[in-house]
Structure formats: C-alpha cells, structure tokens
Amino acid sequence: MPYPQEYQICTNKFQEFLLDVKTNCDFESSHMAYTVAQGVFQAFRRRLNLEDAIRFSNILPAGLRALFVADWDPEQPIKDFTTSSEEVIKEVQSLREVHNFTYLTEHPVKNVFKALIKQVDSDKFKAFMDKLPSEAKLFWEI
C-alpha cells in the first residue's frame with residue numbers, strides 16, 4: 001500500500017499556505033509569513049486544552065500540523081479565549097521578536113486564517129469550532 005497522499009504532497013501544501021499568508025499580509029518573503037503563521041498557531045494552541053489541540057491538529061494537513069505542535073510546552077498554563085485582540089497580537093509579535101514582521105500587517109490572525117481555511121476541510125473546521133466556547137470563534141476574527 002502506498003503511503004497517504006497527504007504526506008506525498010506535504011511540502012507543496014505547506015508552501016501554498018505560506019504563499020497565501022505572504023500575499024494576505026503583503027510580505028516580501030515566505031520567511032516572514034512563516035513566523036507570523038507560527039505565532040498565530042501558538043497563540044491559538046495556548047488557548048486549547050490538550051484534547052482540543054489534538055482534535056484541531058487532526059484537521060490540519062501534515063505540514064501545518066507539524067507547525068502547530070512544534071516547540072510545544074504542554075505544561076504551559078492555558079490562556080483564556082477572552083484575551084483582547086491587542087494582547088493576542090502582542091503575543092504573536094513576541095515570537096522571534098527580532099525577525100517578526102507581524103507589525104507590518106494590520107490583521108495577522110485574519111490573514112493566517114484566510115490562508116488556513118483554504119487548506120482544511122471547512123465542514124470539519126466548523127464542526128470543531130462549534131464544540132469550543134463561543135469566544136474561540138472570535139479568536140480568528142481578531
């Protein structure tokens with residue numbers, strides 16, 4: 001049996017995602033997009049319990065799943081979804097501050113979301129989000 005196509009096309013799908021983030025943020029490089037995407041994923045992950053984080057990661061394509069779980073400290077306290085949008089953006093900006101260009105885009109979370117939703121099954125994403133507190137949906141609207 002061949003290995004799943006998801007893993008065969010992993011790099012291409014990951015590059016598509018980064019190019020979409022780059023375009024949405026009006027960045028010059030995919031490197032800039034990578035840091036913003038990782039920062040947004042980490043901010044979202046910090047607000048999920050372990051079970052929900054695993055459920056979310058299972059919705060993601062392989063490359064995005066790897067980015068979502070990379071550098072995870074599962075003992076870190078869970079943050080509240082009611083955090084202000086300014087605080088979330090500061091949190092995203094705090095990742096690799098010297099090389100983080102989040103400040104160049106007005107809506108980093110929305111820009112990552114627009115790229116993310118093109119990569120996932122929208123019905124599965126919606127079903128997952130419907131199981132979270134209503135404040136979780138607001139995270140992606142920051």
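Below, the discussion takes up the packing of aromatic side chains. Using the criterion set out here, one finds 15 aromatic pairs in the structure. Seen from their ring centres, Phe56 and Phe125 are 6.3 Å apart, and the 65° between their planes marks the pair as edge-to-face. Taken together, the positions of Phe56 in helix α4 (residues 50–59) and Phe125 in helix α8 (residues 122–130) put the pair 69 residues apart, joining distant regions of the chain. Given a relative accessible area of 6%, Phe125 falls into the buried group. These aromatic residues form a ring-pair network of at least three members: Phe17, Phe41, Phe44, Phe56, Phe68, Trp72, Phe81, Phe113, Phe125, Phe128, Phe139 and Trp140.

Even without being a glycine, Asp26 presents a positive backbone phi close to 60°. Within the secondary structure, Asp26 is located in the loop between α2 (10–25) and α3 (30–45). The phi dihedral of Asp71 falls on the positive side, at around 60°, and the residue is not glycine. On the basis of relative accessible area, Asp71 is assigned to the exposed category, the value being 68%.

Helix α5 (residues 62–69) sits mainly inside the fold: 6 of its 8 residues count as buried. Along α5, the residues classified as buried are Ala62, Gly63, Leu64, Arg65, Leu67 and Phe68. The inward-facing, buried residues of α5 contact α1 (5–8), α2, α3, α4 and α7 (108–117). Once α5 ends, the next one or two residues include Asp71, with phi positive near 60°.

Over its 16 residues, α3 runs 22 Å from end to end, which matches the ideal 22 Å to within 8%, given 1.5 Å per residue. The opening residue of α3 is Ser29, an N-cap whose side-chain oxygen sits 3.3 Å from the backbone nitrogen of His31.

Moving on to the pattern of salt bridges. Side-chain pairs of opposite charge can arise whenever the charged atoms involved come near each other. Taken as a whole and judged by the stated rule, the model has 8 salt bridges. For Asp20, the salt bridge goes to Lys118, with nearest N and O atoms at 3.1 Å. With Asp20 in helix α2 and Lys118 in the loop between α7 and α8, the pair connects residues that are 98 residues apart, well separated along the chain. A residue is classified by how much of its surface remains accessible, and Asp20, at 18% relative accessible area, is buried. Arg46 is the partner of Glu91 in a salt bridge, and the nearest nitrogen-oxygen pair spans 2.7 Å. Residue Glu91 is located in helix α6 (residues 85–93), and its partner Arg46 is located in the loop between α3 and α4; the two are separated by 45 residues in the primary sequence.

Parameters at a glance
- Residues numbered from 1 in each chain as written.
- Predicted model: local features only at pLDDT ≥ 70, side-chain atom pairs only at ≥ 80, totals over all residues.
- Heavy atoms only, no water.
- Phe/Tyr/Trp six-rings, centres within 6.5 Å; stacked < 30°, edge-to-face > 60°.
- Helix = DSSP H or I, 4+ residues; strand = E, 2+ residues; numbered from the N terminus.
- Buried < 20%, exposed > 50% of the residue type's maximum accessible area, 1.4 Å probe, protein only.
- Contact = heavy atoms within 4.5 Å.
- Expected span 1.5 Å × (residues − 1).
- Polar contact = N/O pair within 3.5 Å; in protein donor to acceptor, adjacent residues only side chain to side chain.
- Salt bridge = Lys/Arg side-chain N within 4 Å of Asp/Glu carboxyl O.

Take it as geometry only, folks, not as evidence of what the structure does.
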